[in-house]
Amino acid sequence: MKYMIEPYVSINGFFLGESQSNIKKKNGAPYISKKDNIQGIVTEDREGCELVYEEKKLAYVSMNKHVHPVVVGIEIYADGAIEALKKLDPDHMVGPRYMIFRGLGVCIGGLSSKKIPEGRIVTAFAKHKVEFFEFFVTDY
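Residues numbered from 1 in each chain as written. Predicted model: local features only at pLDDT ≥ 70, side-chain atom pairs only at ≥ 80, totals over all residues. Heavy atoms only, no water.

1. A look at the overall build of the protein
Consideration 1: Along its length, the protein carries three helices and 13 strands.
Consideration 2: At 14 Å, the protein has a C-alpha radius of gyration in line with the 14 Å of a compact globule built from 140 residues.
Consideration 3: If one aligns the C-alpha atoms of the protein with their principal axes, the spans along those axes are about 40 × 30 × 25 Å.
Consideration 4: Here the protein holds 140 residues, and the buried ones make up 47% of them.
Consideration 5: When the accessible surface of the protein is split by element, carbon and sulfur atoms take 53% of a total near 7600 Å².
Consideration 6: With 19 positive and 18 negative side-chain charges, the protein shows a spacing of 3 Å between the two charge centroids. (Helix = DSSP H or I, 4+ residues; strand = E, 2+ residues; numbered from the N terminus. Rg over C-alpha atoms; globule rule 2.2 N^0.38 Å. Buried < 20%, exposed > 50% of the residue type's maximum accessible area, 1.4 Å probe, protein only. Areas by Shrake-Rupley, 256 points an atom, 1.4 Å probe, with all protein chains shown as cover. Lys, Arg positive; Asp, Glu negative; His and termini not counted. Charge placed at Lys NZ, Arg CZ, Asp CG, Glu CD.)

2. Describing helix 3 (residues 130-138)
Consideration 1: Of the residues making up helix 3, those classed as buried are V130, F133 and V137. The buried residues of helix 3 occupy one face: seen down the axis, they fall within an arc of 75 degrees.
Consideration 2: Against strand 7 (57-63), strand 10 (92-94), strand 11 (98-101), strand 12 (106-109) and strand 13 (121-125) lie the buried residues of helix 3. (Arc of directions from axis to C-beta. Contact = heavy atoms within 4.5 Å.)

3. Describing the sheet that holds strand 4 (residues 32-36)
Consideration 1: Taken in spatial order, the eight strands of this open sheet run 4-5-6-7-13-12-11-10, and their pairing is antiparallel. Two strands bound the open sheet, and with one partner strand each, they are strand 4 and strand 10. Strand-to-strand twist in this sheet, taken as the mean axis angle between neighbours without regard to direction, amounts to 15 degrees.
Consideration 2: Direction of pairing for strand 7 relative to strand 13: antiparallel, over a ladder of four bridges. In the strand pairing of strand 13, V61 is matched with A124.
Consideration 3: Strands strand 4, strand 5 (41-46), strand 6 (49-54) and strand 7 of the sheet are contacted by helix 1 (residues 20-27), whose axis makes an angle of about 15 degrees with strand 5. (Pairing = 2+ DSSP bridges. Axes fitted to C-alpha atoms, helices over the stretch in contact; angles between N-to-C directions.)

Here it is as structure tokens:
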């Protein structure tokens with residue numbers, strides 16, 4: 001399944017900043033919904049992705065290795081995609097496990113020098129989450 005990412009706006013029609021109830025109305029109930037009262041977030045598992053809500057608004061969407069995330073026409077897991085994204089978005093950081101493309105609102109894990117438990121993962125996030133995802137790149 002392809003997941004079309006519109007930077008800082010939407011992922012396959014899941015609009016960043018949209019309420020959980022609106023997403024449920026438009027897309028039906030998720031497979032699983034989990035509430036973390038300590039962090040104050042709700043996580044929904046949907047087909048090939050996980051939607052994370054903060055303060056009842058969609059903050060980011062993580063796509064697993066079984067789907068095909070696409071941003072600005074570039075299929076992220078395709079050969080040569082990372083180099084194309086680096087040229088397109090000069091405001092990027094590459095760490096040992098994750099890389100972040102600030103201009104595109106995307107964090108990619110598992111394609112750098114060290115692997116991650118998920119194998120590979122792409123997360124598209126709302127603009128206010130940039131610093132949060134920068135932590136993944138700089139955390140050793």
